[in-house]
Amino acid sequence: MYSAPKGTHDLLPEDLATWHMVENTARSVLEAANFHEIRTPVFESTELFARGVGESTDIVNKEMYSFEKGDRSLTLRPENTAGVVRAYNQHGMDRWPKPVKLYYLGPMFRYERPQAGRQRQFHQLGAELFGLDTPQADAAVILIAMQLFQKLEIPGLALEINNVGCFQCRADFREQLRQVLAPYLGELCGDCNQRYHTNPLRMLDCKNPNCKAIYQKPEVQAFLSQDNTCGECKTHFDSLLGILESLAIPYHHNRMLVRGLDYYTRTVFEITSNHLGAQNAVCGGGRYNGLVKELGGKDTPAVGWALGMERLVSLVKKVEKQAPAYYIASDDVAAALTLAQSIQAAGFATVEVDLSGKNLGKQITQANKLNAQTVLVLGESERAEGSVTIKNMQTGEQQTLPVEAFLKTLAPHSNPAAVV
RNA sequence: GCGAUCGUAGCCUAGUGGUUAAGGCCCCUGAUUGUGGUUCAGGUUAUCGUGGGUUCGAAUCCCAUCGGUCGCCCCA
């Protein structure tokens, strides 16, 4: 007997009822804002992620599922922004009317130790907006995520937001930060000493209590609180905060927030839930003005987010699997199948045909197990007179009507094109 | 990669060194060949995660390993 690989899960019909509701809600919210879906391959060249996500990131360093085929190295996508940017460049989307607004939904793969809210195969829904460098664009993108969460009635959410600056001022800031933290290197943990050289911004996010205490020291905090980004970045961020306020979106400016992907510039944000486990971010994103160019395209600003479907679905009220509207019980399976076709042509309804040929009592028992709302009895006498007996399973009441009359009671097809 | 914790049928649980591993749910059959839910009778499903060790004897004790869950790291 086999079981699904570590860190992967089967999604069963009872799970997918909720997933479908979440997916449909997400599509409607995104498409209402004129975002359009894009589907990119599940694997891309390894180099795309190395360059796109960043050589110094954990994702690239230890979490990628990579494999060799022929003389090329391929990788199962650990995230989808790099793939979408690759497609943006490949298909000349810089010539599309701006902004270009895309969303995606699909499985991602990261080789990590599974825990609550973390799997090796998981699903992300993401939205990306290309071609605008304005704080309004940042706000619009954040607003959409908020609207989605609101529609899904997700409780206990908080928006954490920060400004990590542009490539120019971030380099300056890094240097200054190194100077501020240099005296404490001896007391800081090994990871932080490592990060001091590779990516000092990430030090601030360290969970080690010792390190945390050091970063809370007045000298360090004083440096951090003065907003060390350049004038343009600062203006951009202040303006964004103002827009969020006017949109009545509550936020927490968390100066320690740094994202683990290298491509972010200026705005980064995370939406967390207090109903999740240790992995409490439902949604993360930010601005990535350098990525399109980095991956070989025209210099194009962009902003976006990705949310974890498993985490999101776990926060949503469960949706029950749909029960059939009609259950056809008959000793003549061919006649039952014909009636089912007539029902589906006349109106949209789920129909289950009993294929067993067992006696009527067994067939109704089966209908009851499946929670069918209505049983249609098509027995010898009904067939003889071209009628059907309609039994309401809730009340037990039943009546016999001519088949034609019964079909007229059905709601007409909402989509006539779907009628075969 | 590190740490904690748990593995008995599809699911839940009993059994804590001594026959053939017990019960509930689910599923199947019958009571019941034109009317369900209740009830009753019966049935299928477990090399007790796997491998090794201790013992006259192991689901039970020990070691290893695999898997689940949770946490660290990091992220959605």
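Structure first, text after, so check above.
Please read these numbers as outputs of a predicted model, since none were measured by experiment.

### Examining the protein's contact with RNA strand B
Contacts to RNA strand B come from 49 residues, most closely from Arg 110, Arg 118, Arg 195, Lys 207 and Gly 260. Per the 4 Å cut-off to the protein, sugar and phosphate atoms form 53% of the nearby atoms of RNA strand B. A distance of 2.7 Å separates a base nitrogen of RNA strand B from a polar atom in the side chain of Arg 113. A distance of 2.7 Å separates a base oxygen of RNA strand B from a polar backbone atom of Ser 381.

### Focus on empty space enclosed by the protein
Summed over all chains, the structure comprises one cavity of 30 Å³ or more. When its volume is computed, the largest cavity comes out at roughly 170 Å³. Lining the largest cavity are 14 residues, with Asn 162, Asn 163, Val 164, Phe 173 and Arg 255 sitting closest to its centre.

### A word on the nonpolar core
In summary, soluble globular proteins display a tendency toward joint burial of nonpolar side chains. If you look at the biggest cluster of nonpolar residues, it comprises 42 residues, and the most contacted ones within it are Leu 125, Phe 149, Trp 305 and Leu 307. Ranked by residue count, the leading element in this core is helix H5 (residues 135-151), at nine residues. Each residue touching Leu 125, except ones within four places of it in the same chain, is listed here: Ala 26, Leu 30, Tyr 103, Tyr 104, Leu 105, Leu 148, Trp 305, Ala 306, Leu 307 and Met 309. Residues Ala 82, Tyr 104, Val 292 and Leu 295 belong to the second largest nonpolar core, which totals 32 residues.

### Examining the side chain of Thr 265
The residue Thr 265 is located in strand S9 (residues 265-273) in this model. Residue class for Thr 265 comes out buried when judged on its relative accessible area of 2%. Separated by 3.0 Å, the side chain of Thr 265 and the backbone nitrogen of Asn 289 make a polar contact. Other than its neighbours up to four places away in sequence, Thr 265 contacts Val 164, Gly 165, Cys 166, Phe 167, Arg 170, Arg 287, Tyr 288 and Asn 289.

Scoring rules and cut-offs
- Residues numbered from 1 in each chain as written.
- Chains lettered and ligands numbered in written order.
- Predicted model: local features only at pLDDT ≥ 70, side-chain atom pairs only at ≥ 80, totals over all residues.
- Heavy atoms only, no water.
- Near = heavy atom within 4 Å.
- Polar contact = N/O pair within 3.5 Å; in protein donor to acceptor, adjacent residues only side chain to side chain.
- 1 Å grid on protein atoms, 1.4 Å probe; cavity = no way out; pocket = protein on both sides within 12 Å on 5 of 7 lines; lining within 4 Å.
- Points joined across faces, edges and corners; volume = space filled by probe spheres on them.
- Core = buried A, V, L, I, M, F, W, Y, C linked by side-chain atoms within 4.5 Å.
- Buried < 20%, exposed > 50% of the residue type's maximum accessible area, 1.4 Å probe, protein only.
- Helix = DSSP H or I, 4+ residues; strand = E, 2+ residues; numbered from the N terminus.
- Contact = heavy atoms within 4.5 Å.

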